[in-house]
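# Architecture and fold: a report
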Amino acid sequence: MGRLKEIPMTIETCDILSDAEAEVLTLPDLVCPMPVLRAKKTLARLAAGAKLRVESTDPHSEADLAEFCRQTGHALLGQAAIERDGRTWFVTLIARKDD
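Here we summarise the structure given alongside this text. (Residues numbered from 1 in each chain as written. Predicted model: local features only at pLDDT ≥ 70, side-chain atom pairs only at ≥ 80, totals over all residues. Heavy atoms only, no water.)

## With respect to the nonpolar core
Selection criterion: Think of a nonpolar core as a cluster: buried Ala, Val, Leu, Ile, Met, Phe, Trp, Tyr and Cys residues, connected wherever their side-chain atoms sit within 4.5 Å. Relative accessible area decides the class of each residue, using a 1.4 Å probe on protein chains only: under 20% of the type maximum gives buried, over 50% gives exposed, and in between gives partly exposed. Counting from the N terminus, the helices are DSSP H or I runs at least four residues long and the strands are E runs at least two residues long. Any two residues whose heavy atoms approach within 4.5 Å at even a single point are treated as in contact.
In this structure, Leu25, Leu27, Val36, Ala39, Leu43, Leu46, Leu52, Val54, Leu65, Phe68, Cys69 and Ile94 together form the largest nonpolar core, which totals 12 residues. Breaking this core down by element, the ones donating at least two residues are strand E1 (23-27), helix H2 (34-45), strand E2 (51-56) and helix H3 (61-72). Apart from the residues within four sequence positions on either side, Cys69 is in contact with His74, Leu76 and Ile94.

## A few points about the pattern of salt bridges
The test is simple: The working definition used for a salt bridge is a side-chain nitrogen of Lys or Arg within 4 Å of a carboxyl oxygen of Asp or Glu.
In total, this model carries six salt bridges according to the counting rule given. Because the salt bridges share partners, they merge into one network encompassing Arg53, Glu55 and Arg84.

## What to know about unusual backbone geometry
Generally, phi is negative for residues other than glycine and the peptide bonds are trans, each holding for most cases. With an omega of 10 degrees, the peptide bond running from Cys32 to Pro33 counts as cis. Locating Pro33 in the fold gives a position in the loop between E1 and H2. The phi angle at Asp29 is positive, at roughly 65 degrees, despite the residue not being glycine. You can see Asp29 is positioned in the loop between E1 and H2. Note on Asp29: relative accessible area 56%, which makes it exposed.

## Description of the packing of H2 against H3
The line we're drawing: Axis geometry follows a simple rule: fit a line to the C-alpha atoms, using only the stretch in contact for helices, then measure angles between N-to-C directions, giving values from 0 to 180 degrees. When an angle is under 35 degrees it counts as roughly parallel; over 145 it counts as roughly antiparallel; between 65 and 115 it counts as roughly perpendicular; any other value is oblique. Left-handed describes a crossing whose near helix is turned anticlockwise from the far helix by less than a right angle; the clockwise case is right-handed.
Contact geometry for H2 and H3: axes closest at 9 Å, N-to-C directions at 40 degrees. Relative to H3, H2 is oriented oblique. Here H2 runs over H3; the crossing is right-handed. Residue-level inspection shows Pro35, Val36, Ala39, Lys40 and Leu43 of H2 in contact with H3, the latter providing Ser61, Asp64, Leu65 and Phe68.

Next comes the structure, spelled out in structure tokens:
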């Protein structure tokens, strides 16, 4: 993992990036609908309440994952955009819904 570019961060952004309990799904260069499909597949195998951090270079993934959470009942815990390795990454933290 490369160094993060120094950008203004809120407490919420720091929480999203540093949640050690979250499983991380890193998806460079995948575009719609792949980030949502990969998140769906990963969430299906996680326990209720488990956290998933999706890191995508697709700028539309923020809106797509937010809508996915709204439609499926998973909890959208936060979203942030960060600069890493000369690219913008869109990070979404999701908690799996109870069964």
